[in-house]
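Residue-level structural notes
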Amino acid sequence: MEILIISTNTNRLPMPVMPYGACIVAEAAERAGHGAKLLDLMFEYDSTRTVESELMHHTYDIIGLSIRNIDNNDIRHPAFFLKELKPLVRTIRKFSDAPIVLGGAALGVMPAEILKYSGASYAIVGDGDQTLISLLNAMSTCDPPYRVPGVAWLENGVCRQTPPMLSHCSGTCTVPDYSRWINAKAYSSAMATVPVQTKLGCHFKCVYCTYQKIEGPGYRLASPESVSEAIQRLDAEGFRDIEFVDNVFNSPRHHALEICEGLARKRHRARLQSLELNPLYIDTELMNALERAGFVGIGITAESSSGQVLKGLGKGFSEEAVYEAARVIKSCKLPCLWIFLIGGPGETKQTVEETLRFAATQIRRGDTIFFNAGIRIYPGTELEKIARAEGALSIPVDEMLEPVFYLSPEIELEWVDKRIREFFDTHLNVIDSDAISLPLLTKIQRLACRLGVKPPLWRHTRPIRRILRYTGIYR
Ligand code: B12
């Protein structure tokens, strides 16, 4: 079978991300003996013309659309990326009647809704590589696709789905040959990092989160040896800035530790980072291991420093864990990005002030702080139930594709905005949602790259903001 996979993501904020999943499925299809081509729309000037031109000159038996983002999770500047999906499906239909199969992280979040919205033939939920191969095999032997695990389709307007297949990342760290599938240089010149996943699954029960829905609750760990090999291979190919894209890198803690120890023993020049570390498992041993492994930056998803809010968010750790993480980090050198989510269940003006005080007093001056206010509500989450019970959400699930947000009834968005803005103005190490949605950011990334600045760019927030403020470009 000949398959075309289109990576539909064209969002370059806060930085372009390489289509990891789309590369994996394209490579898996090729390895299984099918013909595969990946069309990455990220840097295309006119996506429609690119797709038209591809389909005018080539015929495919099946067309896969990789869909990463539904929206940008931003209450202040909401962007609904799926609005580009219907016109894309229409364009494809002008040239081809091949089945259109949807896959990607977004499908794990709202499969039925996206399938209905798009007009595509099938959606694949769960791990894409194995499922796509099974689907291709079924189609080539004219077997009904609804026997394949992990496939969703519409029957008289109702979405049917077989239980997903969860096999990817079991034992081995899968990293595609990026240069074979995408313009990797275009990504690195925009300061994008190379994604590598060391496990799937998440055992945390955060009320707002979709990770369990996408990856399942049970861990599927890649062996630390296979992770080291993947990093060495990427390094040998010239890929230096590598990001572990695990939903929570330091859980299970022993796995993160073994990966770090393995990497520390190997010779490599990779600069590693991961943006999601849970404060619960931040200790001196892990921090030292991260440094020895070659990490140049980590993100701490603290979300809040108030016990009441952490409980409301279902984070599974207390304010003591957040303070302890800050204490440990102060004794190490590794640069950190602290991530806070303001406005969850239980948030009040007082708890917001508590978190701001924590940020002002417990976080090192050289570290960076990111504040996001308002939480995207996804169907099937505990937060959806809370929002409905509080009367803040009344629309049906079908209408939740376009972003809807939760904000604690105890606070108003204007007040939160004002407090974050005041903190931003007095602390040059702060990033807020205004800053990461600035189109100017794309230009800063390119300039920084030309000047030889290495990712992550957030490490340089203070000097960048100082220059922007001094030149009057940004507050
Ligand atoms: C790591 C991560 C990031 C990192 C990425 C770093 C990097 N260098 O890549 C950072 C922090 C930068 C980031 C940013 C954003 N992210 Co993010 N991110 C993730 C995370 C945790 C993992 C993504 C990943 O790489 N997975 C590993 C790869 C291998 O998996 P995959 O792409 O899903 O592919 C598999 C399947 O989906 C499938 N598949 C993929 N394509 C195809 C195609 C076909 C045809 C088929 C059949 C199958 C298939 O097969 C693959 C193998 O099994 C996910 C959550 C999650 N658990 O998935 C959120 C997630 C993808 N992010 C999300 C969002 C919203 C964003 C941002 C918009 C946030 C923001 N406000 O800025 C930005 C967008 C950035 C951009 N330019 O597009 C959402 C997207 C859904 C949504 N709500 O819209 C997710 C799902 C989290 C969530 N909230 O639910 N993100």
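Here, every reference points to the structure presented above.
A brief look at the structure comes next. Bear in mind the structure is a predicted one, so any value in this text is a computation, not a measurement. (Residues numbered from 1 in each chain as written. Predicted model: local features only at pLDDT ≥ 70, side-chain atom pairs only at ≥ 80, totals over all residues. Heavy atoms only, no water.)

**A few points about the overall build of the protein**
Tallying secondary structure elements over the protein gives 20 helices and 18 strands in all. Computed over C-alpha atoms, the radius of gyration of the protein comes to 22 Å, within 12% of the 23 Å expected from 2.2 N^0.38 for 475 residues, which places it in the range of a compact globule. Once the C-alpha set of the protein is aligned to its principal axes, its extents read approximately 65 × 55 × 45 Å. Each of the 475 residues in the protein was classed as buried or not, and the buried ones make up 57%. Intrachain contacts of the protein at a sequence separation of at least 6 include 74% that bridge at least 24 residues. Accessible surface, the protein as shown: approximately 20000 Å² in total, 53% of it carbon and sulfur. (Helix = DSSP H or I, 4+ residues; strand = E, 2+ residues; numbered from the N terminus. Rg over C-alpha atoms; globule rule 2.2 N^0.38 Å. Buried < 20%, exposed > 50% of the residue type's maximum accessible area, 1.4 Å probe, protein only. Contact = heavy atoms within 4.5 Å. Areas by Shrake-Rupley, 256 points an atom, 1.4 Å probe, with all protein chains shown as cover.)

**Re unusual backbone geometry**
Here the residue pair L13 and P14 is connected by a cis peptide bond, since its omega of 0 degrees sits within 30 degrees of zero. Tracing the backbone shows P14 in the loop between β1 (2-7) and α1 (20-31). With omega at 0 degrees, the peptide bond leading from P455 into P456 counts as cis. Summarising the element assignment, P456 is placed in the loop between α19 (440-450) and α20 (461-470). Positive phi, close to 65 degrees, is recorded for M191, a residue that is not glycine. For M191, the location among the structural elements is in the loop between α8 (184-188) and β8 (194-196). A positive phi angle, near 70 degrees, is found at E303, a position not held by glycine. One can find E303 in strand β13 (residues 295-303).

**Here we look at empty space enclosed by the protein**
The final tally for this structure, using the stated rule, is 1 cavity of 30 Å³ or more. The computed volume of the largest cavity comes to approximately 100 Å³. In terms of lining residues, the largest cavity is bounded by R76, F371, N372, A373, D417, I420, R421, D432, S433, D434 and R475. When residues of the lining of the largest cavity are traced back to their parent elements, those giving at least two are β15 (368-373), α17 (413-426) and α18 (433-436). Broken down by class, the residue content of the lining of the largest cavity amounts to 3 nonpolar, 2 polar and 6 charged. (1 Å grid on protein atoms, 1.4 Å probe; cavity = no way out; pocket = protein on both sides within 12 Å on 5 of 7 lines; lining within 4 Å. Points joined across faces, edges and corners; volume = space filled by probe spheres on them. Nonpolar A, V, L, I, M, F, W, Y, C, P; charged D, E, K, R; others polar.)

**Description of the sheet that holds strand β12 (residues 271-277)**
With parallel pairing, the 7 strands of this open sheet are ordered in space as β8-β11-β12-β13-β14-β15-β18. The two strands at the open ends of the sheet, each matched to only one other strand, are β8 and β18 (430-432). Taken pair by pair, the neighbouring strands of this sheet meet at an average axis angle of 20 degrees, ignoring direction. Sitting on the sheet, helix α12 (residues 284-293) touches β12 and β13, and the angle it makes with β13 is about 145 degrees. (Pairing = 2+ DSSP bridges. Axes fitted to C-alpha atoms, helices over the stretch in contact; angles between N-to-C directions.)

**Comments concerning the packing of α1 against helix α6 (residues 128-140)**
At their nearest, the axes of α1 and α6 sit 9 Å apart, and the two run at 40 degrees to each other. As far as their axial angle goes, α6 and α1 are oblique. Classified by chirality, the crossing of α6 by α1 is right-handed. Within the contact between the two elements, α1 uses I24, V25, A28 and A29 and α6 uses G128, D129, L132, I133 and L136. (Parallel < 35°, antiparallel > 145°, perpendicular 65-115°, else oblique. Left-handed = near helix turned anticlockwise from the far one by under 90°.)

**Thoughts on the layout of surface pockets**
Considering only enclosed or pocket space, the second largest pocket measures out at about 380 Å³ in volume. Along the wall of the second largest pocket there are 21 residues; nearest its centre are S188, G238, F239, R240 and D241. With 4 residues, α8 is the single largest residue contributor to the lining of the second largest pocket. The residue inventory of the lining of the second largest pocket, partitioned by class, reads 10 nonpolar, 5 polar and 6 charged.

**Overview of the sheet that holds strand β3 (residues 62-66)**
Spatially, 7 strands are ordered β2-β1-β3-β4-β5-β6-β7 in an open sheet, and the strand pairing comes out mixed. Of all strands in the sheet, those with a lone pairing partner are β2 (35-40) and β7 (158-161), marking the two edges. Neighbour-to-neighbour, the strand axes of the sheet open up by a mean angle of 25 degrees, direction not taken into account. As paired strands, β1 and β2 are joined by 6 bridges and run parallel to one another. Bridged to L4 within β2 is K37.

**Some words on the site of the ligand**
Near the ligand, the surroundings consist of 41 residues, among which I70, N72, T210, E215 and Y378 are the closest. Measuring from an oxygen atom of the ligand, one finds a backbone N or O atom of A105 at 3.3 Å. A distance of 2.9 Å is found between an oxygen atom of the ligand and a backbone nitrogen or oxygen belonging to G128. Where the shell around the ligand is concerned, the elements lending two or more residues are α1, β3, β4 (100-103), α4 (105-109), α6 and α9 (211-215). Residue contributions to the shell around the ligand peak at 5 residues, all from α1. Of the residues that constitute the shell around the ligand, the class distribution is 20 nonpolar, 15 polar and 6 charged. (Near = heavy atom within 4 Å. Polar contact = N/O pair within 3.5 Å; in protein donor to acceptor, adjacent residues only side chain to side chain.)

**Considerations on the pattern of salt bridges**
Per the counting criterion, the structure on display carries 28 salt bridges. Among the ionic pairs, R364 bridges to D367, the shortest N-O distance being 2.8 Å. Of the residues examined, R364 reaches a relative accessible area of 17% and is grouped as buried. One salt bridge connects E384 with R388, and the closest N-O pair in it is separated by 3.0 Å. Of this pair, E384 and R388 both sit in helix α16 (residues 382-389), 4 residues apart, which is roughly one turn of the helix. Judged by relative accessible area, which is 11%, E384 ranks as buried. When salt bridges with common partners are traced through the structure, they connect R76, D417, D425, D432, D434 and R475 into a single cluster. (Salt bridge = Lys/Arg side-chain N within 4 Å of Asp/Glu carboxyl O.)

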